[in-house]
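# Report on the structure
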Amino acid sequence: FFAGLLNSLPVRVIGIDFPTKQDAANAGLDFPTYRKLVMDGVNADYRSISAQGNKLREMIRNARQIRITSPAGTDFTFSLAAGREIFLDDGIVTEEKAKSKNFAERLASLPAGSVFFAPLETSANGRVVVPKMRCRYQPMNNASFKFKNGMLQNFKADANVECFQETMKPYAGPKEMFGSIWFGINPSLKIMEEGSAHFRPFNAAGMVYLGIGENRVYGGANDSNGGYNFPITNATVTVDGKIVIKDGKLVF
């Protein structure tokens, strides 16, 4: 219902990530550093981002299989679902995008720079390991889990596993089913995760985010009311065997 409502509303949305001291504190960074990181991303060359994003989107569009690995131990594969759109947030809303029937086409972010979509949910298989992440601002490091036919299984972490369980508990439907993927392509956004820092914007070049649960706004089939996203840093991504991201760097 929610996805259908969003798609039917004749609106365009631009989300601006305005740096605040509270956001800086949440990211474990001093405010001047945080502000510079965000504003560098906002002031990126969006025409260049658009060109590279469209190149990646075309590479993905007809792919048979995508594989994501990382030094931490991530190794999983998935496929695309026929007929679903591959979206590009390049910070530019053209007249064509403004008229799209899909809300995700009418959405732009500042800073922008990501290619994202709802894959074939049941196609995901393999292991995901996230060395450093949080749940409600508390450490949930070394999170690991497996996908089998798209379903998340065997979730573990060094601490705060109960936080993840409590967060997911109120949601209904296929909330633990593979739902979405984001590939960051903004070269002016830098990832910071040394010490207590947790600055890993989903649109930073080379950043990969994996989502479970609700994905209908992207044209997916997961009829849920919630989900969860996991960051994968230093990822290597291959599209039908061709490397497009290597150790967290764009190489296409």
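The present account deals with the structure reproduced in this document. Values in this document were obtained by computation on a predicted structure and should not be read as measured data.

## Some remarks on a nonpolar patch on the surface
Where nonpolar side chains cluster on the molecular surface, the patch consists of Leu9, Val11, Val13 and Leu107 and spans about 240 Å² of accessible area. Within the element layout of this structure, Leu9 appears in the loop between helix H1 (2-8) and strand S1 (13-16). The class for Leu9 is partly exposed, based on a relative accessible area of 34%.

## Notes on the side chain of Ser180
Counting through the fold element by element, Ser180 comes out in strand S12 (residues 178-184). In this structure, Ser180 is in contact with Phe117, Ala118, Pro119, Tyr209, Leu210, Gly211 and Tyr218, ignoring residues within four places of it in sequence.

## Quick notes on unusual backbone geometry
The omega torsion across Leu110 and Pro111 is 0°, close enough to zero to call that bond cis. Relative to the helices and strands, Pro111 is located in the loop between strand S5 (107-110) and strand S6 (114-117). Positive phi, normally seen in glycine, also occurs at Asn149, with a value near 50°.

## Considering the sheet that holds S12
Read from one edge of the open sheet, five strands run S4-S6-S12-S13-S14, paired in antiparallel fashion. With one partner strand each, in any of the chains shown, strand S4 (87-89) and strand S14 (227-232) form the two edges of the open sheet. Neighbour to neighbour, the strand axes of the sheet diverge by 20° on average, direction disregarded. Both strand S13 (residues 208-213) and S14 contribute to a ladder of six bridges, which runs antiparallel. Paired with Gly211 across the two strands is Asn229, which belongs to S14. Seen against the sheet, helix H4 (residues 46-61) touches S4, S6 and S12 and runs at an angle of roughly 165° to S4.

## A closer look at the pairing of strand S11 (residues 151-156)
Where strand S10 (residues 143-148) and S11 come together, four bridges link them in antiparallel fashion. By the bridge assignment, Lys146 is partnered in S11 with Gln153. Between the end of S10 and the start of S11, which pair antiparallel, lie two residues, with Asn149 showing a positive phi angle near 50°.

## Digging into the environment of Pro71
Mapped onto the elements, Pro71 comes out in the loop between strand S2 (66-69) and strand S3 (75-78). The sequence separation of Pro71 and Thr236 amounts to 165 residues, and the corresponding C-alpha distance is 8.9 Å.

## Some details on the state of the cysteines
Applying the stated criterion across every chain yields a total of one disulfide. Across the disulfide, Cys135 is cross-linked to Cys163 (sulfur-sulfur distance 2.1 Å). With the S-S dihedral at roughly -80°, the linkage between Cys135 and Cys163 falls on the left-handed side. Of this pair, Cys135 sits in strand S8 (residues 134-135) while Cys163 sits in helix H6 (residues 161-168), and the two are 28 residues apart along the sequence. Just as Cys135 is buried, Cys163 falls in that class too.

## Remarks on H6
The set of residues buried in H6 consists of Val161, Cys163, Phe164, Thr167 and Met168. Seen along its axis, H6 keeps its buried residues to an arc of 160°; they face one direction. Residues of H6 that are buried in the fold lie against S8, S11, S13 and S14.

## Focus on the nonpolar core
Counting 47 residues, the largest nonpolar core has Ile68, Phe183 and Phe230 as its most contacted members. Excluding its chain neighbours within four sequence positions, the residues that come into contact with Ile68 are Thr74, Asp75, Phe76, Phe78, Ile181, Phe183, Val208, Ile232, Ala235, Thr236 and Val237. Ranked by size, the runner-up nonpolar core spans 21 residues in total, among them Leu29, Tyr34, Leu37 and Val42.

## Quick word on the pattern of salt bridges
Counted under the stated rule, the structure contains 10 salt bridges. Arg136 serves as the salt-bridge partner of Glu166, at 3.6 Å between the closest nitrogen and oxygen. With a gap of 30 residues between them, Glu166 in helix H6 and Arg136 in the loop between S8 and strand S9 (138-139) connect regions that are remote in the sequence. The closest approach of N and O atoms between Arg200 and Glu193, which form a salt bridge, is 3.3 Å. In this structure Glu193 comes out as partly exposed when scored by relative accessible area, which is 24%.

About the criteria used
Residues numbered from 1 in each chain as written. Predicted model: local features only at pLDDT ≥ 70, side-chain atom pairs only at ≥ 80, totals over all residues. Heavy atoms only, no water. Patch = residues over 30% accessible without salt bridge, like charges linked within 9 Å, V, L, I, M, F, W, Y side chains within 5 Å. Areas by Shrake-Rupley, 256 points an atom, 1.4 Å probe, with all protein chains shown as cover. Salt bridge = Lys/Arg side-chain N within 4 Å of Asp/Glu carboxyl O. Helix = DSSP H or I, 4+ residues; strand = E, 2+ residues; numbered from the N terminus. Buried < 20%, exposed > 50% of the residue type's maximum accessible area, 1.4 Å probe, protein only. Contact = heavy atoms within 4.5 Å. Pairing = 2+ DSSP bridges. Axes fitted to C-alpha atoms, helices over the stretch in contact; angles between N-to-C directions. Disulfide = S-S within 2.5 Å. Arc of directions from axis to C-beta. Core = buried A, V, L, I, M, F, W, Y, C linked by side-chain atoms within 4.5 Å.

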